[in-house]
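Examination of the molecular architecture
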Amino acid sequence: MTAPSLPLRVKYHVLLGLSAIACLLLLILHLCLGSVALTPKEVLAALFNQPAEILHRQIVWDLRLPRALIALLCGAMLGLAGAILQSITQNPLAEPGLTGTTSGGVLLVVFWLTFAPQAMQLGSILPLIALVGGLAASGLVYTLSRQRDRSNPLYLILNGVIVSTFVQSLTSLFLVVKQQSLGMILLWLIGSLNGRVWVHLNAILPWSLVALPLGLASAGIANVLHLGDDMAVGLGLPVEKARAGLFLVAAMMSAIAVSVVGAVGFIGLIGPHIARQLVGLDARRVFPLSALLTTLLLLTADLVAQAMIIEVGSVRSGLPVGAVTALLGAPFFLYLVLRKI
């Protein structure tokens, strides 16, 4: 006889707790590992301003801690955005990169970083620039997907792919014209946490404190939409406004993440899919678990990226984290496509 399975509610809370603990452990690993390895005791001493060496405090506070916290926040936003998009389109292949949001945000950020004065390139304005670009692209996708005053979930994905491809081609054309910006543009196209410090964290923190609770609070609306448009209307939900609102929230979270890490691909696809397989279709469980699992994926990918040192000229650095997530995500995406076929 097989052992009885845990009730879903208990299983969900166990998974949530284990995922949170795993994220905390990976956060500690981020503070310990790097070109200068530190012990957990040395990290704790540096965090409490009692370092064995002054260099330890600089490494932990100025370099590793902001990078790890950015990975935590951006992973949660990308995972939650992916879960929302998969829910409203009822398509397991949906993710921020396939809805135009990521490519639109990257294009406008790259334009801004190339032409704006140096003093205006960082700070809270950068997420706003990415948000404008992401919302413009996703708004175009949503407009193109409307038929008879109703949006079609299937067309949201198809038009998202078309708009993303078009916007990415504009970015590539800009790359050809502005070759002096090649290195910077490539990092934004691939996605990277290299060089991310407190100024980047401060730029997205206020936005994320609004976007994440808003995304989690939308789980009930997502559940009603999942019942189908006719049933949702019967329950009194204004379907078009609800779908547009959720699409806007997902676009906002994606754009905020893109504003500091660039186009990190596929983790917004993998995390939500795993969460749904573990706890079912209830968005009240899928959304929080997706955020944690995607954070776990991004933190892990960044550790792998830092371990894979590359040398460009006389400069040595870790791989962009987007290269690692692409290596993981492309086979996963192919698996989902083949399984659907």
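Scroll up a little and you will see the structure.
Residues numbered from 1 in each chain as written. Predicted model: local features only at pLDDT ≥ 70, side-chain atom pairs only at ≥ 80, totals over all residues. Heavy atoms only, no water.

**A short note on the nonpolar core**
By size, the foremost hydrophobic cluster in this structure holds 82 residues, and its most contacted members are Cys74, Ile84, Met253 and Phe287. The element that contributes the greatest number of residues to this core is helix H11 (residues 239-261), accounting for 14 residues. (Core = buried A, V, L, I, M, F, W, Y, C linked by side-chain atoms within 4.5 Å. Buried < 20%, exposed > 50% of the residue type's maximum accessible area, 1.4 Å probe, protein only. Helix = DSSP H or I, 4+ residues; strand = E, 2+ residues; numbered from the N terminus.)

**So, empty space enclosed by the protein**
A full pass over the atoms with the stated rule returns one cavity of 30 Å³ or more. The wall of the largest cavity is formed by Ile267, Ile270, Leu297, Thr325, Leu328 and Gly329. Mapped onto the lining of the largest cavity, the elements with two or more residues apiece are helix H12 (267-279) and helix H14 (321-340). Ranked by residue count, the leading element in the lining of the largest cavity is H14, at three residues. Taken together, the residues that form the lining of the largest cavity break down as four nonpolar, two polar and no charged. (1 Å grid on protein atoms, 1.4 Å probe; cavity = no way out; pocket = protein on both sides within 12 Å on 5 of 7 lines; lining within 4 Å. Points joined across faces, edges and corners; volume = space filled by probe spheres on them. Nonpolar A, V, L, I, M, F, W, Y, C, P; charged D, E, K, R; others polar.)

**Quick notes on helix H1 (residues 8-32)**
Helix length check: H1 (25 residues) gives 36 Å between terminal C-alpha atoms against 36 Å at 1.5 Å per residue, within 8%. Within H1 the residues assigned to the buried category are Tyr12, Leu15, Leu16, Ser19, Cys23, Leu26, Leu27, His30, Leu31 and Cys32. Residues of H1 that are buried sit in contact with helix H2 (40-47), helix H3 (54-89), H12 and helix H13 (283-307). With its phi angle positive at about 155°, Gly34 sits one or two positions after the end of H1. (Expected span 1.5 Å × (residues − 1). Contact = heavy atoms within 4.5 Å.)

**Notes on the packing of H2 against H3**
Contact pair H2 / H3: the axes reach a minimum separation of 8 Å and the direction vectors enclose 85°. Between H2 and H3, the interaxial angle falls into the category roughly perpendicular. From H2, Glu42, Val43, Ala46 and Leu47 reach across to H3, where they touch His56, Arg57, Val60, Trp61 and Leu65. Taken together, the residues of the contact of H2 with H3 break down into six nonpolar, one polar and two charged. (Axes fitted to C-alpha atoms, helices over the stretch in contact; angles between N-to-C directions. Parallel < 35°, antiparallel > 145°, perpendicular 65-115°, else oblique.)

**Section: the side chain of Gln86**
Secondary-structure assignment places Gln86 in helix H3. The exposure class assigned to Gln86 is buried, which follows from its relative accessible area of 5%. Within polar-contact distance, the side chain of Gln86 engages the backbone oxygen of Ala94 at 3.1 Å. The contacts of Gln86, once residues within four sequence positions are left out, are Asn91, Pro92, Ala94, Gly268, Leu269, Pro272, His273 and Arg276. (Polar contact = N/O pair within 3.5 Å; in protein donor to acceptor, adjacent residues only side chain to side chain.)

**Some words on the pattern of salt bridges**
Side-chain pairs of opposite charge can arise whenever the charged atoms involved come near each other. What the rule picks out here adds up to five salt bridges. Residues Asp229 and Arg243 are paired through a salt bridge, measuring 2.8 Å at the closest nitrogen-oxygen approach. One end of the pair, Asp229, is in helix H10 (residues 229-234); the other, Arg243, is in helix H11, and 14 residues separate them in sequence. A relative accessible area of 2% places Arg243 in the buried class. Measuring nitrogen to oxygen at the nearest pair gives 3.6 Å for the salt bridge that ties Asp282 to Arg285. Asp282 sits in the buried class, given a relative accessible area of 17%. Among the charged side chains, a salt-bridge network with shared partners connects Asp229, Glu240 and Arg243. (Salt bridge = Lys/Arg side-chain N within 4 Å of Asp/Glu carboxyl O.)

**Considering a nonpolar patch on the surface**
Together, Val10, Val14, Leu18, Ile21, Leu24, Leu25 and Ile28 make up a nonpolar patch on the protein surface, roughly 610 Å² of accessible area in all. Examined against the element boundaries, Leu25 turns out to sit in helix H1. Look at Leu25 and you get exposed, because its relative accessible area is 51%. (Patch = residues over 30% accessible without salt bridge, like charges linked within 9 Å, V, L, I, M, F, W, Y side chains within 5 Å. Areas by Shrake-Rupley, 256 points an atom, 1.4 Å probe, with all protein chains shown as cover.)

**Section: the environment of Asn49**
Following the sequence through the fold, Asn49 ends up in the loop between H2 and H3. The partly exposed category is assigned to Asn49, whose relative accessible area is 47%. Asn49 sits twelve residues away from Trp61 along the chain, and the two C-alpha atoms are 9.5 Å apart. Residues contacting Asn49, with those up to four places away along its chain left out, are Arg57 and Trp61. At 2.5 Å, the side chain of Asn49 forms a polar contact with the side chain of Arg57.

**Focus on the environment of Ile88**
Here Ile88 shows up in helix H3. Look past the residues within four positions of Ile88 in its chain and what remains in contact with it is Pro153, Leu225, Arg243, Leu246 and Phe247.

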